[in-house]
Amino acid sequence: MLDKRVGINLPDTPLDTLARKLEHYARAGFGSIEINLGMYPFITCGKIHEGYVRSFGNILRSSGLDFTAHIVEGLDLRNVADYDLHKTVLLSSVEVCAMLGMKHLTVHFEKKSLDYLTEHAFVEGHIEAAEKAASLNVKIGIENIEVDDYRNVIDCVKKVNNKAFGMTFDTGHMFLTSNYFHFDYLEAVKECAPYVCHVHLSDNNGIYEELRMTNWNDYKALSMPYRIAFGRGDVHLPPYWGDIPMDEVITILEGHGFDGIYICEYNVEYFAGCESELRQKVSEAIRRANTEKNGILG
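Given the structure is predicted, the values throughout are model-derived calculations rather than measurements. (Residues numbered from 1 in each chain as written. Predicted model: local features only at pLDDT ≥ 70, side-chain atom pairs only at ≥ 80, totals over all residues. Heavy atoms only, no water.)

1. Regarding the overall build of the protein chain
Reasoning step 1: What the protein chain contains, in helices and strands, is 12 helices and 10 strands.
Reasoning step 2: Here the C-alpha atoms of the protein chain give a radius of gyration of 18 Å, agreeing with the 19 Å that 2.2 N^0.38 yields for 298 residues.
Reasoning step 3: The principal-axis extent of the C-alpha atoms belonging to the protein chain is close to 45 × 45 × 45 Å.
Reasoning step 4: Here the protein chain holds 298 residues, and the buried ones make up 52% of them.
Reasoning step 5: Residue pairs at least 24 apart in sequence account for 81% of intrachain contacts in the protein chain once pairs closer than 6 positions are excluded.
Reasoning step 6: Accessible surface computed for the protein chain: about 13500 Å², of which carbon and sulfur atoms make up 51%.
Reasoning step 7: Here the protein chain contributes 29 positive and 43 negative side-chain charges, whose respective centroids are spaced 5 Å apart. (Helix = DSSP H or I, 4+ residues; strand = E, 2+ residues; numbered from the N terminus. Rg over C-alpha atoms; globule rule 2.2 N^0.38 Å. Buried < 20%, exposed > 50% of the residue type's maximum accessible area, 1.4 Å probe, protein only. Contact = heavy atoms within 4.5 Å. Areas by Shrake-Rupley, 256 points an atom, 1.4 Å probe, with all protein chains shown as cover. Lys, Arg positive; Asp, Glu negative; His and termini not counted. Charge placed at Lys NZ, Arg CZ, Asp CG, Glu CD.)

Right, dumping it as structure tokens:
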């Protein structure tokens, strides 16, 4: 039986093997799949290739699964030099989601700048994207990243002020920043909960890799097997493989009325074979949280 509230992120998958990969995840019980829009040529230089999108959509529809989207890596509405192009790619991405029947698109907040005009343009661009999303029955979730304080993400959601724009809550990013910026993790989850429209369940050991802040190139050069072995930074472990209190997080979110999708966002290529067990753990945590909530309400 498919659990549409529990999903998994699609790894790099050639188009000719996509249907088989989707079938594999369906057998594990995942009812939703998150696709990074940058993995396929839906958009080039801001232009949508409608024929390709339609053909891709036929594969998705035949799977019987639900789908969400993640924005292409590198999109940045703080890029002053190429602002118009970046905004065009964002707006085109919203349209692609609508064409593919995807109800949710995750974008990154990254790090707030100190320049007022840059931040104003950042918010205004997302206001425009949210208005387009609302007209197409798509919701945008802006994701907390480990390089900045989560309260800046909440502030952005408030400024955009559109029901089609909320927060994609990433458990792993928040866990790392709670240690780096020294705040209580579960209290932060409670603070975010009213704004959360989508969840990325990603685990780690809470060890902040400072190269993420000080030297991006050196950070990217660290091999993932090394980082996983030593627990360094955002290693994208499967939920329940690290030190994040996943059950407590889910209980808090469900208690605040979250009814969206939990995407198990991890390095699936390193953890093949654990999909079914992982999905069951998340599904059971959701069920327990709602049993507890209903017992309290009753």
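Having seen the structure, we can now continue with the description.
2. Observations regarding the environment of Asn137
Reasoning step 1: Along the polypeptide, Asn137 turns up in the loop between helix 4 (116-135) and strand 7 (139-143).
Reasoning step 2: Sequence separation between Asn137 and Met167 is 30 residues; the distance between their C-alpha atoms is 17 Å.

3. Let's talk about unusual backbone geometry
Reasoning step 1: In this structure, Asn161 is a non-glycine residue whose phi angle is positive, near 55°.
Reasoning step 2: Residue placement: Asn161 occurs in the loop between helix 5 (150-160) and strand 8 (165-170).
Reasoning step 3: Overall, Asn161 belongs to the exposed group, its relative accessible area being 64%.
Reasoning step 4: Phi at His182 is positive, roughly 60°, even though this residue is not glycine.
Reasoning step 5: As for its position among the elements, His182 is in the loop between helix 6 (171-180) and helix 7 (185-192).

4. Focus: the sheet that holds strand 6 (residues 104-108)
Reasoning step 1: The strand order 1-2-5-6-7-8-9-10 describes a closed barrel built from eight strands, whose pairing is parallel. Neighbour-to-neighbour, the strand axes of the sheet open up by a mean angle of 30°, direction not taken into account.
Reasoning step 2: Two strands pair when backbone bridges link them, and strand 7 and strand 8 are joined in this way by four bridges, in the parallel orientation. Its bridge partner being in strand 8, Ile142 is matched across the sheet by Met167.
Reasoning step 3: Docked against the sheet, helix 6 engages strand 7, strand 8 and strand 9 (196-201), running at close to 70° with respect to strand 8.
Reasoning step 4: Here helix 11 (residues 246-255) sits on the sheet and contacts strand 1 (3-9), strand 8, strand 9 and strand 10 (262-264); the angle it forms with strand 9, its principal contact strand, is near 170°. (Pairing = 2+ DSSP bridges. Axes fitted to C-alpha atoms, helices over the stretch in contact; angles between N-to-C directions.)

5. What to know about the packing of helix 4 against helix 5
Reasoning step 1: Following both chains from N to C, one finds helix 4 and helix 5 inclined at 55°, their axes separated by 9 Å at the closest point. With respect to their mutual orientation, helix 4 and helix 5 come out oblique. Once helix 4 is placed against helix 5, the crossing between them reads as right-handed. The segment helix 4 lies against helix 5, with Phe122, Val123, His126, Ile127 and Ala130 engaging Cys156, Lys159 and Val160.
Reasoning step 2: Partitioning the contact of helix 4 with helix 5 into residue classes produces six nonpolar, one polar and one charged. (Parallel < 35°, antiparallel > 145°, perpendicular 65-115°, else oblique. Left-handed = near helix turned anticlockwise from the far one by under 90°. Nonpolar A, V, L, I, M, F, W, Y, C, P; charged D, E, K, R; others polar.)

6. Overview of helix 1 (residues 18-27)
Reasoning step 1: Along helix 1, the positions that sit buried rather than exposed are Leu18, Leu22 and Tyr25. Buried residues of helix 1 fall within an arc of 60° about the axis and therefore sit on the same side. Among the exposed residues of helix 1, those pointing more than 90 degrees away from its buried face are Arg20 and Arg27.
Reasoning step 2: Immediately beyond the C-terminal end of helix 1, within one or two residues, lies Gly29, with a positive phi of roughly 95°. (Arc of directions from axis to C-beta.)

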